[in-house]
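Close look at the chain arrangement
For reference, the chains in residue letters:
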Amino acid sequence: MRLTKSALLALAAGLVAEPTLAQSREPHLVMSGVGRFAVFVDLSTREATDQQVRIRTLQVAEPGFQVEGQPYWGGWSWWMFDCAERTADRLDFASILEGGIEGPVVADPQPAFPASPGGDAAEVLGLACATEAPDTPVFTSVEDAVAEGRRQMLL
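Residues numbered from 1 in each chain as written. Predicted model: local features only at pLDDT ≥ 70, side-chain atom pairs only at ≥ 80, totals over all residues. Heavy atoms only, no water.

**Topic: the pairing of strand S8 (residues 102-107)**
Counted only if it meets this: DSSP bridges decide pairing: two strands pair if at least two such bridges lie between them. A run of H or I in DSSP counts as a helix once it spans at least four residues, and a run of E counts as a strand once it spans at least two, with each numbered from the N terminus.
Pairing of strand S7 (residues 92-97) with S8 involves four bridges; the strand directions are antiparallel. Counterpart to Ile96 in the pairing with S8 is Glu102. Joining the antiparallel neighbours S7 and S8 is a turn of four residues, in which Gly99 adopts a positive phi near 105 degrees.

Structure (structure tokens):
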């Protein structure tokens, strides 16, 4: 099943009450890169059709990251990639408070863009469009991924 931005907006607006794929499975989080944030790709959410892949990512903020006095782990985003054209489309963002409480989903209205080599989108595209599982550690909890992401950011 391929969700369009309209369907995602309906989900974000609360018009669909069923749990999403990401909420109904144990995550399989694989780190795609570390820069300002540590980014993990949740391989358990991968949905592929022809040359397109829809997948969810976890963006981990540095230790002590706060907004208005609230500590945050980071946030989730759904992405759509065109593997042949090497384009990326970030569909939304939902923050994650320390402890795992997810904030509201905010749609990203920007159009798809070329995934520039070396950028976060290209790193995620590489994992999302790969035909074989990566030979890297897999984290099955958000807490463990946050801990590892923050450890990597401090190296």
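After that view, the rundown keeps rolling.
**What about the nonpolar core?**
Test applied: By nonpolar core is meant a set of buried Ala, Val, Leu, Ile, Met, Phe, Trp, Tyr and Cys residues that side-chain atoms within 4.5 Å join together. Throughout, exposure labels follow a simple rule: accessible area from a 1.4 Å probe, protein chains only, divided by the maximum for the residue type, with under 20% read as buried, over 50% as exposed, and the rest as partly exposed. Any two residues whose heavy atoms approach within 4.5 Å at even a single point are treated as in contact.
Residues Ile55, Phe81, Ala88, Ala115 and Val124 are the most contacted members of the largest nonpolar core, which totals 16 residues. Breaking this core down by element, the ones donating at least two residues are strand S2 (38-49), strand S3 (52-60), strand S5 (70-82) and helix H3 (120-128). The dominant element in this core, judged by the number of residues it contributes, is H3, at six residues. In this view, Val124 contacts Ser32, Val39, Val41, Ile55, Thr57 and Phe81; residues no more than four positions away in its chain are not counted. Within the second largest apolar cluster, 13 residues are counted, among which are Leu29, Ala38, Trp76 and Ala145.

**A closer look at the environment of Gly33**
With respect to the helices and strands, Gly33 occurs in strand S1 (residues 29-34). For Gly33, a relative accessible area of 10% gives the class buried. As for Gly33 and Asp120, which are separated by 87 residues in sequence, their C-alpha atoms are 7.0 Å apart. If sequence neighbours within four positions are ignored, Gly33 has contacts with Ala38, Val39 and Glu123.

**Details of H3**
Because an α-helix packs 3.6 residues into every turn, residues spaced three or four apart end up facing the same way. Every buried residue of H3 is listed here: Ala121, Ala122, Val124, Leu125, Leu127 and Ala128. Buried-residue contacts for H3 involve S1, S2, S3, S5, strand S6 (87-90) and strand S9 (113-114).

**Points about the state of the cysteines**
Formally: A pair of sulfur atoms, both from cysteines and within 2.5 Å, is called a disulfide here.
Inspection of the entire model under this criterion finds one disulfide. The partner cysteine of Cys83 in its disulfide is Cys129, sulfur to sulfur 2.0 Å. As the torsion about the S-S bond is roughly -80 degrees, the Cys83-Cys129 disulfide counts as left-handed. Residue Cys83 is found in the loop between S5 and S6, and its partner Cys129 is found in the loop between H3 and helix H4 (142-153); the two are separated by 46 residues along the sequence. Judged by relative accessible area, Cys83 falls into the partly exposed class, the value being 23%. Under the relative-accessibility criterion, Cys129 is labelled buried at 19%.

**A word on unusual backbone geometry**
Positive phi values are uncommon outside glycine, yet Glu68 reaches one of about 50 degrees. Residue placement: Glu68 occurs in the loop between strand S4 (66-67) and S5. The class for Glu68 is exposed, based on a relative accessible area of 81%. Of note in this structure, Arg86 is not a glycine but carries a positive phi near 55 degrees.

Coordinates in, geometry out; function isn't part of it.
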